[in-house]
Amino acid sequence: MPSTLTESTDPYCLRPGEATELLNRHPWRRFVALGDSVVEGMCEPTPGYPDVQWVDRIAAELAAVRPELAYRNLGRRGLRAHQVRATQLAPALALAPDLALVVCGGNDAFHPAYDAGAVDAELTAMIAALREVGADVITVGMFDVSHSPAVPAHLRPGLGERMRRLSAHTAALAERLNTIHVHLTDHPLTADPTLYSTDGRHGSARSDAIATAETLRALSPHRRPR
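Residues numbered from 1 in each chain as written. Predicted model: local features only at pLDDT ≥ 70, side-chain atom pairs only at ≥ 80, totals over all residues. Heavy atoms only, no water.

1. Some remarks on the overall build of the chain
Each helix and strand in the chain was counted, giving eight helices and five strands. Its helices and strands taken in sequence order, the chain reads α-β-α-α-β-α-β-α-α-β-α-β-α from the N to the C terminus. For the chain, whose C-alpha radius of gyration is 17 Å, the value lies close to the compact-globule estimate of 17 Å for 226 residues. Along the first, second and third principal axes, the C-alpha set of the chain runs to 50 × 40 × 25 Å. Per-residue burial over the chain gives 52% buried out of 226 residues. Contacts in the chain between residues far apart in sequence, at least 24 positions, make up 79% of those at least 6 positions apart. Accessible surface, the chain: about 10,000 Å² in total, of which carbon and sulfur atoms supply 55%. Each charge class in the chain can be summarised by its mean position, and for the 23 positive and 26 negative side chains these summaries are 4 Å apart. (Helix = DSSP H or I, 4+ residues; strand = E, 2+ residues; numbered from the N terminus. Rg over C-alpha atoms; globule rule 2.2 N^0.38 Å. Buried < 20%, exposed > 50% of the residue type's maximum accessible area, 1.4 Å probe, protein only. Contact = heavy atoms within 4.5 Å. Areas by Shrake-Rupley, 256 points an atom, 1.4 Å probe, with all protein chains shown as cover. Lys, Arg positive; Asp, Glu negative; His and termini not counted. Charge placed at Lys NZ, Arg CZ, Asp CG, Glu CD.)

2. Brief notes about the nonpolar core
Grouped together as the largest cluster of nonpolar side chains are 66 residues, with contacts concentrated most on Phe31, Leu34, Leu101 and Leu130. No other element matches helix α8 (residues 205-219), which puts eight residues into this core. Ignoring any residue separated from it by four or fewer positions in sequence, one finds Phe31 in contact with Val55, Ile58, Ala59, Leu62, Leu69, Ala70, Tyr71, Arg72, Leu99, Ala100 and Leu101. (Core = buried A, V, L, I, M, F, W, Y, C linked by side-chain atoms within 4.5 Å.)

3. Some thoughts on empty space enclosed by the protein
Throughout the structure, instances matching the rule amount to two cavities of 30 Å³ or more. Estimated volume of the largest cavity: approximately 370 Å³. As for the largest cavity, its lining consists of 24 residues, and the residues nearest its centre are Val38, Met142, Arg201, His202 and Gly203. Secondary-structure elements contributing two or more residues to the lining of the largest cavity are α2 (37-40), α5 (106-109) and α8. Per-element tally for the lining of the largest cavity: the top contributor is α8, with three residues. Split by residue class, the lining of the largest cavity holds 13 nonpolar, eight polar and three charged. Lining the second largest cavity we find Val102, Val103, Cys104, Leu123, Val140, Met142, Leu166 and Thr170. Of the residues assigned to the lining of the second largest cavity, the class counts are seven nonpolar, one polar and no charged. (1 Å grid on protein atoms, 1.4 Å probe; cavity = no way out; pocket = protein on both sides within 12 Å on 5 of 7 lines; lining within 4 Å. Points joined across faces, edges and corners; volume = space filled by probe spheres on them. Nonpolar A, V, L, I, M, F, W, Y, C, P; charged D, E, K, R; others polar.)

4. Considerations on the packing of aromatic side chains
Across all of its chains, the model carries one aromatic pair by this definition. Between Phe31 and Tyr71, the aromatic rings sit 5.4 Å apart at their centres with planes inclined by 20°, giving stacked as the arrangement. With Phe31 in strand β1 (residues 30-35) and Tyr71 in strand β2 (residues 70-73), the pair connects residues that are 40 residues apart, well separated along the chain. Look at Phe31 and you get buried, because its relative accessible area is 2%. Seen from the ring of Phe110, Arg201 lies directly overhead, with NZ or CZ sitting 4.0 Å from the centre. (Phe/Tyr/Trp six-rings, centres within 6.5 Å; stacked < 30°, edge-to-face > 60°. Lys NZ or Arg CZ within 6 Å of the ring centre and 35° of its normal.)

5. Here's the deal with helix α6 (residues 116-132)
Look at α6: 24 Å from first C-alpha to last across 17 residues, which is about the 24 Å you get at 1.5 Å a residue. For α6, the complete set of buried residues consists of Ala116, Val119, Asp120, Glu122, Leu123, Thr124, Met126, Ile127 and Leu130. Residues of α6 that are buried make contact with β1, α4 (81-94), β3 (99-103), α5, β4 (136-141) and α7 (156-177). One side-chain oxygen of the residue at the start of α6 lies 3.2 Å from the amide nitrogen of Gly117, identifying that residue as Asp115. Phi turns positive one or two residues past the end of α6, at Gly134, with a value near 95°. (Expected span 1.5 Å × (residues − 1). Polar contact = N/O pair within 3.5 Å; in protein donor to acceptor, adjacent residues only side chain to side chain.)

6. Remarks on the sheet that holds β4
As summarised here, the arrangement of the five strands in space is β2-β1-β3-β4-β5, forming an open sheet in which the pairing is parallel. Each having just a single partner strand, β2 and β5 (180-183) make up the two edges of the open sheet. Taken over all neighbouring pairs, the strand axes of this sheet differ in orientation by 15° on average, direction set aside. Note: β4 against β5, four bridges, orientation parallel. What sits directly across from Thr139, in β5, is His181. (Pairing = 2+ DSSP bridges. Axes fitted to C-alpha atoms, helices over the stretch in contact; angles between N-to-C directions.)

7. Details of the side chain of His187
Looking at the secondary structure, you find His187 in the loop between β5 and α8. Here His187 is in contact with Tyr12, Phe143, Ile210 and Glu214, once residues within four sequence places are set aside.

Now the structure itself:
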């Protein structure tokens, strides 16, 4: 059943004025995003929620506080973790970012042959390189898309196990590499069907609105001027 909520009434979304309060006087001036379709933006429209994908919305909220913010979204659909690093890390570093978001591995985890160690190595290389140039890095444990009604029932257990393993490994990397981590996998709504698109791989505009709120709340403690 579709949600009857809108962003303004959804208790898991931002309250009016909350974004400005969370990001007040934030220090970031150059924001770059690396990743796959989750970063590029493939959310399915949902009545009552903005048709603006998650990462673009994060950039817009950052720019609302600092209009001079430079932003580039390098995300491209269909890429595995090693392809993200091979095609996006160098352009990202060339921008000299002070804030970067890295989200990938989901396409790897969709395959039964998912190699968690190999994905970890690619994420580590990207995060370490971005940290080396002075960027704060955002990492994400994604919503568990195995709960999507569009995923065939016989595929859900294996996909869910791999998505949760990816999330757990990413959280461990975040702890070790000192990233700003957004953990969505165990969100109270992760099993809610309204969070997922009809393609069985991506989210809805509601999930992007919730992810925006959780990301800004994770950024807030780090917004002290440099």
